[in-house]
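What follows is the residue order along each chain.
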Amino acid sequence: MALRARVLYDFNSENPGEISVRENEILTLYSERDIEGWLEGANSKGDKGLFPASYVEIVKSDAASSAVAHNNNNSSSSTSGNAPQLASQYANVPVDASYQPPNEVESVTSPGYVSFSPPAQQQAQQSVYLENNQGSEDDWYDDWEDSSTVADEPPTGIYSDFDANGPSKYRVSTASAAQRGGHGQHAKSSATVGKNLNRFSTFVKSGGEAFVLGEALGVVKDWDKICVVMGQYGPGWQENPEPFACTIDDPTKQTKFKGMKSYMSYKLTPTNTQTQVNRRYKHFDWLYARLVEKFPVISVPHIPEKQATGRFEEDFISKRRKGLIWWMNHMTSHPVLAKCDVFQHFLTCNSTDEKAWKQGKRKAEKDEMVGANFFLTISTPAAPLDLHEVESKIDGFKTFTKRMDDGSTHLNATVNEFARKQISGFKKEYQRVGQSFKILSQAFEMDQQPYSAGLNQAISITGDAYEAIGDYFAEQPRRDLDPIMDLLALYQGHLANYPDIIHVQKGALTKVKESQKHVDEAKMEASRAEGIKERCNIISFATMAEIQHFHRIRVRDFKAQMQQYLQEQIGFFRKITGRLEEALQNDVVFFTRSIYEGHRGCTAFWDIWSRLSGPDAGALTKVKESQKHVDEAKMEASQAGGIKERCNIISFATMAEIQHFHRIRVRDFKAQMQQYLQEQIGFFRKITGRLEEALQKYDDA
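It should be emphasised that the depicted structure is a prediction, and the values quoted were computed from it without experimental measurement.

Colleague: Tell me about the pairing of strand E14 (residues 261-270), and name the residues and values.
Modeller: Among the 10 residues of E14, 9 are classified as buried, and the element is accordingly described as predominantly covered. Summarising the sheet, strand E13 (residues 246-256) and E14 pair through 9 bridges and their orientation is antiparallel. Among the inter-strand pairings, Lys253 is bridged to a residue of E14, identified as Met264. Between E13 and E14, which follow one another and run antiparallel, lie 4 residues, and Phe257 among them has a positive phi close to 55°. Examined bridge by bridge, E14 and strand E15 (residues 277-280) share 4 bridges and lie antiparallel to one another. Each bridged residue has a counterpart across the sheet, and for Tyr266 the counterpart in E15 is Arg279. From the end of E14 to the start of E15, which pair antiparallel, there are 6 residues, and Gln274 there has a positive phi angle of about 55°.

As structure tokens, this is what we get:
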């Protein structure tokens, strides 16, 4: 008989591999053994996947099913609706007579909010990702040896409360709220919002769940506060009162350990301090990891990827520097990231002061205001947001990011292919056209008519022009297409961040809905549900502010980049037009000179005739034969003279036709080459004009 289970609480799937289940739904189980708190099976719709073990009860027989139902109906009101307080065999907890429900924790941050502390294993799983990326080019500890790392520090878990009453720890109690108050009467039936048992979900790892459930405890200092303000277009981060930029210049190859180790060093110069510091790629990598850990709902721009080989090649160094410049631009443009302590330490710590650098490094790695505590630092406007409207806007932004990601991927592939064609295909094609013109010019040079020389030289110059244009095409992508691909790469990194940010927001909204349902069923105090809603409101403000910032810098960056691209294209086509105009001008000069010289040389008729008098020329052969017969006294001289005169008539006619051919050839090719160049000049001017119109639209934007 197949194993079955009855659903006790609604569960909405949030990750691939999970399935949604509804209260009282009967599920088919594949196995009674849970996998880290999850069971595998199929719901009534036939969907297969994982669902929380604590959200169901296993039904082994009708009798067992009835018994379980009877026990549930007669359970105490203080535990009804509380998913973690199910029987131990369904909650992934060892069967033990001493088993107690999870301990309650009273939050000191918000009076009246009571939540549950996660088990120790779940708390360990909640720790935010902290990793020192150690690629082949990093050799992380080669110059950062530190006997006291974060892992070596004893866990404190101690915070001062907001009433400045000294240090305090989590206050853990197994007693109910009513018992703590000393009242003998039973408390109102209560429930807690269930935790997501997938402890690897972004909502959990980011600390969003712990914050929403009121488990975040920390001291927020004045300089840690992050303000969200309501602007014309909705919530936004409060602008940095002292904005600045930072240049990245002079990538230099340096060595250590007597030349055994090589690395690249970049010179950073913040505009607000004008103090230069040197940083390696691994320093950027370390900073990126710290920022990702600290800011769960802020899109930290991705740094350029690591590369194991070719790190000292000029092209790679140039490309990495451009990527770091884009990254730095986005960092200094973000009102929150630009001011955070770890970024300021990265920008200002003296490159030669190893002690100061390590102190700042340790401080950043021991920062308590990360994950769930980060949300405590956010100050929001007094008026709450309409969460239904927030959910609608989040869904719209999710659709937007998907479309933008698809569009960016398509554009990147198209631009990459276009650049490849310009570098190889277009260059070769234009140079083939140029070489063909030069081959024709070389053929024309066999005609020694003076009036033909100008045409020959003009066509050769046109060939040179097209070979140069081929080189222009090969060089152009690095000026206009490469920057577009760099920008798309940066934004594809941002777009990869937003699913996790949206997941945190969606998780918070789900907890609000769950708490409201408990209130409607009289299973939760309205004040506790309101606390969850208030904390969700903070996450919503932060998420909407980050979305607002994203749109602002997106408009700024793409406008500037498109303007630069069009300006480069206009300059490129103007350069081609100028090269063609130069060729056309040379054509006019050489044609004029050749016509003048041609009139002077029209009498050189017999020179041409002599070149054409080969052994196979019929009329000329007869003249030679008659002259031989005269020499041998076999023919009268008068008869041979007649043959020569008649041959002369044929020769005049032939040479006149050849002369005519060369003249119309020069005329036609001159006119056609001039027309071709004029059309090409007009064509590229037309392209330039169309691009100038497009550029004007950006100026008007």
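Structure's up, so let's keep going.
Colleague: So what about the packing of helix H6 (residues 281-294) against helix H8 (residues 341-348)? Which residues, and what values?
Modeller: Put simply, H6 and H8 touch, their axes get as near as 10 Å, and they point 170° apart. With respect to each other, H6 and H8 are oriented roughly antiparallel. Relative to H8, the crossing made by H6 is left-handed. Note on element contacts: H8 touches H6 through Val342, Phe343 and Phe346, opposite His283, Phe284, Trp286, Leu287, Arg290 and Leu291.

Colleague: I'd love a proper account of the sheet that holds E13, names of residues and values included.
Modeller: Strand order in this open sheet of 3 strands is E13-E14-E15, and the pairing throughout is antiparallel. Edge positions in the open sheet fall to E13 and E15, since each of these has one partner strand only. Ignoring which end each strand starts from, the neighbouring axes of this sheet average 35° apart. On the sheet, H6 packs against E13, E14 and E15 and is oriented at approximately 80° with respect to E15.

Colleague: An account of the environment of Asp34 is needed here, citing residue identities and associated values.
Modeller: Checked against the element boundaries, Asp34 lands in the loop between strand E2 (26-29) and strand E3 (38-42). For the pair Asp34 and Ala53, spaced 19 residues apart in the sequence, the C-alpha separation amounts to 6.7 Å.

Colleague: Could you give an account of the packing of aromatic side chains, with specific residues and numbers?
Modeller: Taken as a whole and assessed by the stated rule, the structure comprises 29 aromatic pairs. Measuring from centroid to centroid gives 6.5 Å for Trp327 and Phe343, while their planes differ by 80°, and the two rings are edge-to-face. Here Trp327 is found in helix H7 (residues 314-333), whereas its partner Phe343 is found in helix H8, with 16 residues between them in sequence. Each member of the pair Trp327 and Phe343 is classed as buried. Judged by centre distance (5.0 Å) and plane angle (75°), the ring pair of Phe397 and Tyr498 falls under edge-to-face. Here the residue Phe397 occupies a position in helix H10 (residues 387-444), and Tyr498 occupies one in helix H12 (residues 477-520), the gap between them amounting to 101 residues. For the pair Phe397 and Tyr498, one class covers both residues: buried. Through a chain of ring-to-ring contacts, three or more aromatic side chains come together here, namely Phe418, Phe426, Tyr430, Phe437, Tyr466, Phe473, Phe572, Phe573, Tyr676, Phe683 and Phe684. Stacked on the ring of Phe312, the Lys or Arg Lys253 has its end atom at 4.5 Å from the ring centre. In this structure, Lys575 is placed above the aromatic ring of Tyr472, and the distance from its NZ or CZ to the ring centre is 4.3 Å.

Colleague: Please provide a residue-by-residue account of H8, values included.
Modeller: Where H8 is concerned, the buried positions are Val342, Phe343, His345, Phe346 and Leu347. The elements touched by buried residues of H8 are E13, E14, E15, H6, H7 and helix H9 (354-365).

Colleague: Give a detailed account of unusual backbone geometry, specifying residues and quantitative values.
Modeller: Both trends apply: most residues other than glycine have a negative phi, and most peptide bonds are in trans. Positive phi, close to 75°, is recorded for Asn24, a residue that is not glycine. Inspection of the secondary structure puts Asn24 in the loop between strand E1 (3-7) and E2.

Colleague: Describe the nonpolar core, and please don't skip the residues or the numbers.
Modeller: If you look at the biggest cluster of nonpolar residues, it comprises 78 residues, and the most contacted ones within it are Leu268, Leu291, Met328 and Phe343. Sequence-distant contacts of Met328, that is, excluding residues within four places in its chain, are made with Cys246, Ile248, Leu268, Phe284, Phe343, Phe346 and Leu347.

The rules behind each value
Each chain carries its own residue numbering, running from 1 in the written order of its sequence. A pLDDT threshold of at least 70 governs which residues receive local features in this predicted model, and a stricter bar of 80 or more applies before side-chain atom pairs are shown or counted, although totals over entire chains, interfaces and linings include all residues. Side-chain measures were taken over the full set of non-hydrogen atoms in the model, leaving aside hydrogen atoms and water. Think of it in three bands: residues with accessible area under 20% of the maximum for their type are buried, residues over 50% are exposed, and the middle band is partly exposed, with areas taken using a 1.4 Å probe on protein chains only. Here a helix means four or more residues in a row that DSSP labels H or I, a strand means two or more in a row labelled E, and each is numbered from the N terminus. Strands were regarded as paired on the criterion that DSSP finds at least two bridges between them. Orientation is described by lines fitted to C-alpha atoms, with helices fitted over the stretch in contact, and by angles between N-to-C directions that extend from 0 to 180 degrees. Every angle not falling under 35 degrees, over 145, or within 65 to 115 is termed oblique; those three ranges are roughly parallel, roughly antiparallel and roughly perpendicular. Note on convention: near helix rotated counterclockwise from far helix by under a right angle means a left-handed crossing. Clockwise means right-handed. Contacts are assigned to residue pairs with any non-hydrogen atoms lying within 4.5 Å of each other. Only the six-membered ring of Trp is used, alongside the rings of Phe and Tyr, when aromatic pairs are assigned; centres must lie within 6.5 Å, and planes under 30 degrees apart are stacked while those over 60 apart are edge-to-face, with the rest tilted. Two conditions define a charge located above a ring, namely a distance within 6 Å from the ring centre to NZ of Lys or CZ of Arg, and an angle within 35 degrees of the ring normal. For this analysis, a nonpolar core means a set of buried residues of the types Ala, Val, Leu, Ile, Met, Phe, Trp, Tyr and Cys, connected via side-chain atoms within 4.5 Å.

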